[in-house]
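# Inside the fold
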Amino acid sequence: MERTHAADVLLVSLGSTEGLRRADDELQDSMRRAGARVAVARPYPPEPLPTLMLTDLLWARAARETATKILEQQRHAPARAVIYSSTTAALLWPRPGAIRFDATAAGNRRGRHGLWQRPLERRRLRQAPLLLPWSEGGLREAPDVASRGDRALVLPVPVEPSGPLDAERDVAAVTYASNPQKKGLDRVLAAWRRLLAERAGADGPAPELVIAGASAAQLQRAGMVSPGEPGVRVVGSLVAADFRALLRRARVFVCAPRREDYGIAQLEALADGCQLVTTRAPGPYAALPIARQLDPRLVGDDLVGGLRAALQNPLADYSERAREALAPFKRESVDRLVAEQLLPRLLA
């Protein structure tokens, strides 16, 4: 938790996932580059609980407690504005503020998982002076009240290439499985095994699928992989630099999410020269329209056909066109949005 005074903006950063933490760090840096003084309230992670309803309650309480402490420290020179990063962080807010979100409880807390979150979220979205969805899809998925008027500004998470495109592509395919069920790892593995079966008896070494984001022990306990399974290698959780280095070596990034709230890993894969083979998925999946535009053969329910096309008959200019399509996600573009639109509206 940072202690600071006379800030322009207090950013209440839930940071419950690696993606959320990185997104908040990027926003903080962007506002500071634009000349704003930023204080950050980041709660300590609560103990994991068996249901999403209880987990969200603990995170919301932790966000409120941490934000209240910072606001109390600033009582003689309070921040001019507050940004709550995620609707969960805003549910029990101590002071109204802007809400930044990749997805809403209305979208990813269906049924019993969001019984108390959804109605309170609707109220907070009505009360917030400014809404900052990561994508147009996130805004469309929010309750109707959230998308009316001029209270919304789509503010993507910056994604930059981590290196040149001419690196040696010695890894056939990579997937990310921090939440294996949600990410559809079972579907990816089923398609990969079928692809390997087609190649049985072919000359040369068999292609390899590298799984990042989960340990071999986790995946074996879940019954998804077997020890020493041919054509599959599990590398576990990687720091960001190592994950991006892996992407620079890969020809394909493959995924089959059951829901995708944004998909930073897919955007990073495109930025680092991977072809994206993916199924369609509900949720504000930012990379999905880009992938369709780049090569529609690689998008759809036929993962085996997509993998076959990407590995055996890739489009020569795919990576270059992918980087062009990611121009709105470049840090320079997001910095311009922050300086020219976000801060003037936030601090007005």
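Above this text is the structure in question.
Worth saying up front: this structure is predicted, and the values here are computed from it rather than measured. (Residues numbered from 1 in each chain as written. Predicted model: local features only at pLDDT ≥ 70, side-chain atom pairs only at ≥ 80, totals over all residues. Heavy atoms only, no water.)

This part covers the overall build of the protein chain. Summing up its helical and strand segments, the protein chain has 15 helices and 10 strands in all. Compactness check: the protein chain gives a C-alpha radius of gyration of 21 Å against a globular reference of 20 Å for 348 residues, within 12% of the reference. Principal-axis analysis of the C-alpha atoms gives the protein chain an extent of 75 × 40 × 35 Å. Intrachain contacts of the protein chain at a sequence separation of at least 6 include 67% that bridge at least 24 residues. (Helix = DSSP H or I, 4+ residues; strand = E, 2+ residues; numbered from the N terminus. Rg over C-alpha atoms; globule rule 2.2 N^0.38 Å. Contact = heavy atoms within 4.5 Å.)

What follows is about unusual backbone geometry. Phi at Ser86 is positive, roughly 105°, even though this residue is not glycine. Tracing the backbone through its elements, the reader meets Ser86 in the loop between strand 3 (81–85) and helix 3 (87–90).

Pairing within the open sheet is parallel, and its five strands lie in the order 2-1-3-4-5. Of all strands in the sheet, those bounded by a partner on one side alone are strand 2 (38–41) and strand 5 (131–133). Across the sheet, the mean angle separating the axes of adjacent strands is 20° when strand polarity is ignored. Relative to strand 2, strand 1 (residues 9–13) runs parallel, the two being bridged by four bridges. By the bridge assignment for strand 2, Val12 is matched with Ala41. Docked against the sheet, helix 2 (residues 52–73) engages strand 1 and strand 2, running at close to 155° with respect to strand 1. (Pairing = 2+ DSSP bridges. Axes fitted to C-alpha atoms, helices over the stretch in contact; angles between N-to-C directions.)

The next point concerns the pairing of strand 4 (residues 98–101). Taking every second residue as pointing to the same face, both faces of strand 4 are buried, with Ala98 and Arg100 on one and Ile99 and Phe101 on the other. Direction of pairing for strand 3 relative to strand 4: parallel, over a ladder of three bridges. Residue Tyr84 lies in a different strand from strand 4, and its bridge partner there is Ile99. (Buried < 20%, exposed > 50% of the residue type's maximum accessible area, 1.4 Å probe, protein only.)

An ideal rise of 1.5 Å per residue puts 22 Å on 16 residues; helix 1 (residues 18–33) measures up with 23 Å between its terminal C-alpha atoms. All of the buried residues along helix 1 are Leu20, Ala23, Asp24, Glu26, Leu27, Gln28, Ser30 and Met31. Against strand 1, strand 2, strand 3, strand 4 and helix 15 (331–346) lie the buried residues of helix 1. Positive phi appears at Gly35, one or two residues downstream of helix 1, with a value of about 100°. (Expected span 1.5 Å × (residues − 1).)

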